[in-house]
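Chain by chain, the residues run as shown.
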Amino acid sequence: MSNYHIKHLEEYYQVYRKSVREPESFWEEIAEEHFLWRKKWDAVLDWDFSKPEISWFKGAKLNITENCIDRHLTTRGNKTAILFEPNHPDEVAEHISYNELYKRVNKFANVLKEQGIKKGDRVCIYVPMIPELAISVLACARIGAIHSVVFAGFSAAALATRINDSDCKMVITSDGSYRGSKTIDLKGIVDEALESCSCVETVLVAKRIKTEIYMKAGRDQWLAPLLAKASDVCAPEIMDAEDPLFILYTSGSTGMPKGMVHTTAGYMVYTAYTFKNAFQYKENDVYWCTADIGWITGHSYIVYGPLANGATTVMFEGVPSYPDYGRFWDIVQKHKVNQFYTAPTAIRALAKQGTDVIDHYDLSSLKVLGSVGEPINEEAWHWYNENIGKKKSPIIDSWWQTETGGIMISPIPYVTPTKPTYATLPFIGIQPALMDENGNELKGNQVEGRLCIKFPWPSIARTIWGNHQRYKETYFSAFDNKYFTGDGALRDEVGYYRITGRVDDVIIVSGHNLGTAPIEDAINEHPAVAESAIVGFPHDIKGSALYGYITLKDTGETRNHDNLRTEINQLITDRIGPIAKLDKMQFTHGLPKTRSGKIMRRILRKIACNETDSLGDTSTLLNQEVVQDIIDNVL
Ligand code: 7RM
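Thresholds, definitions, all that
Residues numbered from 1 in each chain as written. Predicted model: local features only at pLDDT ≥ 70, side-chain atom pairs only at ≥ 80, totals over all residues. Heavy atoms only, no water. Helix = DSSP H or I, 4+ residues; strand = E, 2+ residues; numbered from the N terminus. Rg over C-alpha atoms; globule rule 2.2 N^0.38 Å. Buried < 20%, exposed > 50% of the residue type's maximum accessible area, 1.4 Å probe, protein only. Lys, Arg positive; Asp, Glu negative; His and termini not counted. Charge placed at Lys NZ, Arg CZ, Asp CG, Glu CD. Near = heavy atom within 4 Å. Polar contact = N/O pair within 3.5 Å; in protein donor to acceptor, adjacent residues only side chain to side chain. Areas by Shrake-Rupley, 256 points an atom, 1.4 Å probe, with all protein chains shown as cover. Pairing = 2+ DSSP bridges. Axes fitted to C-alpha atoms, helices over the stretch in contact; angles between N-to-C directions. Contact = heavy atoms within 4.5 Å. Core = buried A, V, L, I, M, F, W, Y, C linked by side-chain atoms within 4.5 Å. Parallel < 35°, antiparallel > 145°, perpendicular 65-115°, else oblique. Left-handed = near helix turned anticlockwise from the far one by under 90°. Phe/Tyr/Trp six-rings, centres within 6.5 Å; stacked < 30°, edge-to-face > 60°. Lys NZ or Arg CZ within 6 Å of the ring centre and 35° of its normal.

Quick look at the overall build of the protein
Thought 1: Looking only at helices and strands, one finds 19 helices and 30 strands in the protein.
Thought 2: Relative to the 2.2 N^0.38 estimate, which gives 26 Å for 635 residues, the radius of gyration of the protein is 24 Å and therefore close to what a compact globule would have.
Thought 3: Counting over 635 residues, the protein shows a buried share of 61%.
Thought 4: Considering the protein, the positive charge centre built from 69 side chains and the negative charge centre built from 80 side chains are found 3 Å apart.

Topic: helix α16 (residues 516-524)
Thought 1: The buried fraction of α16 is high, at eight of nine residues.
Thought 2: Among all positions in α16, only Thr-516, Ala-517, Ile-519, Glu-520, Asp-521, Ala-522, Ile-523 and Asn-524 are buried.

A few points about the site of the ligand
Thought 1: Around the ligand, a shell composed of 16 residues is seen, among which Asp-397, Ser-398, Thr-402, Asp-487 and Arg-502 lie nearest.
Thought 2: One of the side-chain N or O atoms of Thr-402 is found 2.6 Å from an oxygen atom in the ligand.
Thought 3: Contact between the ligand and Arg-502: an oxygen atom at 2.8 Å from a side-chain N or O atom of the residue.
Thought 4: Relative to its free-state accessible area of 530 Å², the ligand is covered by the protein chains to the extent of 90%.
Thought 5: Of all the elements in the fold, those that place two or more residues in the shell around the ligand are α11 (296-308) and β25 (497-502).

Regarding the sheet that holds strand β24 (residues 483-491)
Thought 1: With antiparallel pairing, four strands are arranged side by side in an open sheet as β21-β22-β24-β25. A strand with exactly one partner marks an edge of an open sheet, and here the two such strands are β21 (432-435) and β25. Averaged over all adjacent pairs, the angle separating strand axes in this sheet is 45°, with direction ignored.
Thought 2: Sheet topology places β21 next to strand β22 (residues 447-453); four bridges connect them, and they run antiparallel.

Observations concerning the sheet that holds strand β6 (residues 122-126)
Thought 1: Taken in spatial order, the eight strands make up an open sheet running β12-β11-β8-β6-β7-β14-β15-β23, and their pairing is mixed. Since the sheet does not close on itself, it has two edges, and those belong to β12 (220-222) and β23 (463-464), each with one partner.
Thought 2: Alignment of β6 against strand β8 (residues 170-174), held across four bridges, turns out to be parallel. Paired with Ile-125 across the strands is Ile-172, a residue of β8.
Thought 3: Packed onto the sheet, helix α6 (residues 131-143) meets β6, β7 (146-149), β8, β11 (202-206) and β14 (244-250) and runs at close to 175° relative to β6.

Quick word on the nonpolar core
Thought 1: Trp-37, Phe-57, Leu-101, Leu-112, Tyr-273, Phe-279 and Tyr-304 are the most contacted members of the largest nonpolar core, which has 125 residues in total.
Thought 2: The residues touching Leu-112, leaving out its near neighbours within four places in the chain, are Ile-117, Ala-139, Cys-140, Ile-143, Met-170, Ile-172 and Leu-204.
Thought 3: Residues Ala-152, Phe-154, Leu-159 and Trp-295 belong to the second largest nonpolar core, which totals 25 residues.

Section: the packing of α16 against helix α17 (residues 561-575)
Thought 1: Interhelical geometry of α16 versus α17 gives an angle of 125° and a closest axis separation of 8 Å. When the axis of α16 is compared with that of α17, the two are oblique. As α16 packs across α17, the resulting crossing turns out to be right-handed. The residues of α17 that touch α16, namely those facing Ile-519, Ala-522 and Ile-523, are Ile-568, Leu-571, Ile-572 and Arg-575.

With respect to the packing of aromatic side chains
Thought 1: Tallying each qualifying case throughout the model produces 42 aromatic pairs.
Thought 2: When the centroid spacing of 4.9 Å and the interplanar angle of 75° are considered together, the rings of Trp-47 and Phe-49 count as edge-to-face.
Thought 3: Given the relative accessible area of 32%, Trp-47 is considered partly exposed.
Thought 4: Phe-49 sits in the buried class, given a relative accessible area of 1%.
Thought 5: With a centroid separation of 4.9 Å and an interplanar angle of 65°, the aromatic rings of Trp-47 and Phe-455 are classed as edge-to-face. One end of the pair, Trp-47, is in strand β1 (residues 43-48); the other, Phe-455, is in the loop between β22 and β23, and 408 residues separate them in sequence.
Thought 6: Exposure remark for Phe-455: the relative accessible area of 15% places this residue in the buried category.
Thought 7: Three or more aromatic residues joined by ring pairs make a cluster, and in this case those are Trp-47, Phe-49, Phe-455, Trp-457, Tyr-471, Tyr-475, Phe-476 and Tyr-483.
Thought 8: A cation sits over an aromatic face here: Lys-419 above Tyr-422, 4.1 Å from the ring centre.
Thought 9: For the cation-ring pair, Lys-584 lies above Phe-537, with the distance from its terminal atom to the ring centre recorded as 4.7 Å.

Take it as geometry only, folks, not as evidence of what the structure does.
What follows is the structure, given as structure tokens:
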């Protein structure tokens, strides 16, 4: 039995039990047998959640790029590592083999060194989804520089905040980017950001859209000529297991974004292990995750996890709607994609278009469908299952966070029977706990509470950059000796988990704790509804009552809204009970979303509570314009 690759349910339970009973020997065996180490560890795990301090594989020496690239060269040198699919379908896809990736990463690493970047320096990467993004990430890791990727859709102000917080010495960017039919002046955004960043000495600029741009003398340099003259051999920096690999910012509900710090060995082991199992990746498969590398999903499951397994990973530059809504299916057909990993927001947007467009494409290569980022509502789950998976590809609804580094609760396809809207079982090595408000763990099944993790796993973030106290307060103070996720969850009669949403979204109506996900699910079942979001607002008698924001499908729905309201409340009554009926329903043209596609219920709550003066910064939203429209039509 190989613990590295789980193949059936009995094996899952057996390996899971082992990983919980003897976590150290379990992870030691995985680490020993499947990775390349320059020196083995002195201890597998040291931890103390009260400080909090966590270290995995302490004393070990390695370089993650040797594991992601070098070690594959003898067996997979000519295999495609990164398959780059450009924004426009007429531009040819680029197949970057492991041999070529090795050379390009080494060249880039040598350029970084030449420009004065050393082990431990922070490098901000503000690059669109072009090969240089993955290559610059790996080049940093090659020389031990700490990368901080900032999603190339963030504003100058958001970029500046992140550059300054971690004191980045360099910014890597491009002249601009393509996004569907639009081009974006990325370099202009960088220039604006850098007016308030004195720490940055050098800006390296990749050419993508070939526009004339301003280059500041002594600071900005074109990447291509530097790469052309750099050597394609660069010895990997030998890193300690616990040396930081990267910083990735995640916005909290308040205050500055948090620079989550991930370290080298544990992150590598866990992302590789989860990639292999959660996607059941086989040697010649083509795997595609539609996320941007600017998010944790892209770090772990476009770059590090797939490459550590010698996989072929697709990188798509564009958007699902360009040149039309068939673009994703066009790519699946063209590259015979086997595993497809996307977000509920994309699924709902595609479902809104109907199924005609799908029928033009051959999707028979698909074996595994993934979902991540938000609770996937029941409607979207079934749509995905029927129209994309043709009821033969299991959906892995994978729950995890920037902070967890890798997938935490998820079915293993062809192993775990799926259940719509359930993330199902904890991954190997993960020990969830549901807690009540008084800090007691809810034992047994059919319980609902706050989701915590009781025991460390290899890829847990180790700190918040420059603010360990905030790390402790945010994640380790709500419950004694446990990592608190900020999410609510329920455990059903067989031990399957369903994530009910962020706990800050939980609404207490007449003393009943209501999660947003199940109610939104019921609403979304209505054939006229595209998406919805529920928040609470103060109510004299109930304490809180429910306010629903509902976006309808573009079907030219003409029925009057009062009938719709009645029908929707009837659905909620049928599915959950009259306690969950909405007091107010506002029909909207869209819902405010983060750039990674999460609905911003915090903003909607303020609007429902008439607190629009304190909306906070909405500039990082994907669709800032819908906010004013919603305010203007508030009930
Ligand atoms: C990977 C990622 C984390 C938050 C998390 C949840 C929500 C993510 C699911 C989900 C229900 C899922 N990292 N979330 N996956 N909720 N089901 N399968 O998204 O740091 O950007 O967000 O996203 O609330 O705490 S993240």
